[in-house]
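Chain by chain, the residues:
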Amino acid sequence: MKKLVLLGGGYGNMRMLHRLLPNNLPEDVSITLIDRVPYHCLKTEYYALAAGTVSDQEVRVPFPEHPRLELKYGEITNIDLENKMVHLDEGEPVPYDDLVIGLGCEDKYHNIPGAKEHTHSIQNIEKARETYQTLNNLPANSVVSIVGGGLSGVELASELRESREDLVIKLFDRGKIILSAFPERVSRYVQNWFQTNGVEVINGANITKVEDQTLFNHDEPVHTDVIVWTAGIQPNWIVRELDVEKDKQGRVVLTKHHNIPVDEHVYVVGDCASLPYAPSAQLAEGQADQIAQILQKRWSGQELPAELPTIKLKGVLGSLGKKQGFGLMAERAITGRIARILKSGILWMYKYHNG
Ligand SMILES: Cc1cc2nc3c(=O)[nH]c(=O)nc-3n(C[C@H](O)[C@H](O)[C@H](O)COP(=O)(O)OP(=O)(O)OC[C@H]3O[C@@H](n4cnc5c(N)ncnc54)[C@H](O)[C@@H]3O)c2cc1C
């Protein structure tokens, strides 16, 4: 029996499971999925979990069941590429024949003193839950600062606005305008929404230091009761520590067949992989589709295609609370209620197909 081990049950490896199970797994292959939590987490909804507008249960989806799928729950502490073993915090190491590393990402603090110690996070479910507790236990009229005006910072700020009308919410962003990766029309729409809904956007921010309840913007102290960090990501620390080639963002450089250059049995999927696009759940899934096909070909001794098709991305959608949204679909900017309805529809479909 050959053993395929999947590290992390996020968007990438959940798609791997759905492509291989129930009928596309050769009889002589079994799968072990390892994750620290016993369910698949909808990371794209952590902003709502932290703001307190969806329940914990709504961001969890059960892993599939199959006689040749073993689910193992524990903290992965090290990947030994030489001996083909995965080490966990407890129990025996897990050997593999093929490995797909899909451990997602963590906050990146850009060496800003105090940022790691004094800010809250929505990058994993445990931290998003802590952030939820802290935000929702705040006394009336407290000040919340969110650092980073990309997709997750914008979604958190707007959701929190709807969740807690009393809070003073400040969104600090480095750019001249928030959502700088989007067309200007979208950025302006979102910036106007914040103005109308009483979220203060601080453009051109440069956070130089963070202390307990104080942010330093261009070295000027700003008092704040809680700070949430959404200003950058980097691959999971286990991947950062792997002795393999990485790109400037610390993501693993792969061959066109998504395996590391020195071992065709080790693949990397999702936020930890160096791909020519910004990391996203959609990208992780598109890449997983290709990895599943490559594995099937390698298992059955078929020749691999010389080139793989470009991974098709449909676009990005963001929410502004429960009624408004924004996005970019097929390169067209969309804003307003329709964008929000589309986003909710996609989430519903995802849960329906995976749950
Ligand atoms: C607020 C927010 C909104 C977002 N919105 C969108 C969106 O609208 N569209 C979009 O496409 N993308 C969005 N993203 C990005 C998207 O969530 C990620 O790109 C996606 O989750 C990456 O998938 P992945 O499979 O690489 O890893 P993940 O989905 O992050 O999964 C990683 C898994 O690894 C497990 N794990 C990590 N470390 C360990 C360890 N040491 N031991 C055991 N298990 C471990 C985790 O528990 C987790 O299950 C958003 C992200 C955030 C934070």
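The coordinates are above.
A quick note: this is a predicted structure, and the numbers were derived from the prediction, not measured.

A. Inspection of the pairing of strand β6 (residues 76–80) at higher detail. As defined by bridge partners, β6 adjoins strand β7 (residues 85–88) across four bridges and the pair is classed as antiparallel. For I79, the partnering residue across the bridge sits in β7 and is V86. Here β6 hands over to β7 after four residues, with K84 in that stretch at a positive phi of 55°.

B. Looking closely at the pairing of strand β1 (residues 2–7). Of the strand pairs in this sheet, β1 and strand β2 (residues 29–35) are connected by six bridges, and their pairing is parallel. Among the inter-strand pairings, K2 is bridged to a residue of β2, identified as V29. This β-α-β element, β1 to helix α1 (residues 11–20) to β2, shows right-handed connectivity. Where β1 and strand β9 (residues 98–101) come together, four bridges link them in parallel fashion. For L4, the partnering residue across the bridge sits in β9 and is D98.

C. Spatial organisation of a nonpolar patch on the surface. On the surface, W348, M349 and Y352 cluster together to form a nonpolar patch covering roughly 390 Å² of accessible area. Note that Y352 resides in helix α9 (residues 337–354).

D. Structural context of the sheet that holds strand β22 (residues 324–329). The three strands lie next to each other as β21-β22-β23, forming an open sheet whose pairing is antiparallel. A single partner strand is all that each edge strand has here, and the edge strands are β21 (315–320) and β23 (332–336). Across this sheet, the average inter-strand angle for adjacent strands is 10°, counted without regard to direction. Pairing between β22 and β23: five bridges, direction antiparallel. Looking at β23, one finds that G327 is bridged to I334. Contacts between helix α6 (residues 184–196) and the sheet are confined to β21, β22 and β23, with β23 contributing the most and set at about 15° to the helix. α9 rests against β21, β22 and β23 of the sheet, and its axis sits at about 100° to β23.

E. Inspection of unusual backbone geometry at higher detail. Cis geometry marks the peptide bond from L21 to P22; its omega dihedral reads 0°. Looking at the secondary structure, you find P22 in the loop between α1 and β2. Although it is not a glycine, H110 sits at a positive phi angle of roughly 50°. Inspection of the secondary structure assignment puts H110 in the loop between β10 (105–107) and α3 (115–118). The phi dihedral of H218 falls on the positive side, at around 50°, and the residue is not glycine. One can find H218 in the loop between β15 (214–217) and β16 (220–223).

Conventions adopted
Numbering of residues begins from 1 in every chain and follows the order in which that chain's sequence is written. Reporting of local features is limited, given that this is a predicted model, to residues whose pLDDT is at least 70; pairs of side-chain atoms are given and counted only at 80 or more, and all residues count toward the totals for whole chains, interfaces and linings. Side-chain metrics rest on all non-hydrogen atoms present in the structure, leaving aside hydrogens and water. Pairing between two strands requires that DSSP report at least two bridges joining them. Secondary structure elements are taken from DSSP: a helix is a run of H or I of four residues or more, a strand is a run of E of two residues or more, and numbering for both begins at the N terminus. By definition, the crossover connecting two strands over a helix is right-handed if that path, from the first strand to the second, turns clockwise as seen with the strands pointing away from the viewer. A patch consists of residues exposed above 30% relative accessible area that lack any salt bridge, with like charges linked at up to 9 Å and nonpolar side chains (Val, Leu, Ile, Met, Phe, Trp, Tyr) linked at up to 5 Å. Using a 1.4 Å probe, accessible areas were evaluated by the Shrake-Rupley method; residue-level cover was limited to the displayed protein chains. By definition, a salt bridge exists where a carboxyl oxygen of Asp or Glu is found within 4 Å of a side-chain nitrogen of Lys or Arg. Only the stretch in contact is used when fitting a helix axis, every axis being a line fitted to C-alpha atoms; angles between N-to-C directions are given from 0 to 180 degrees. Whether two residues are in contact is decided by their heavy atoms: any pair within 4.5 Å suffices.

Spatial relationships are all this shows, so hold off on functional conclusions.
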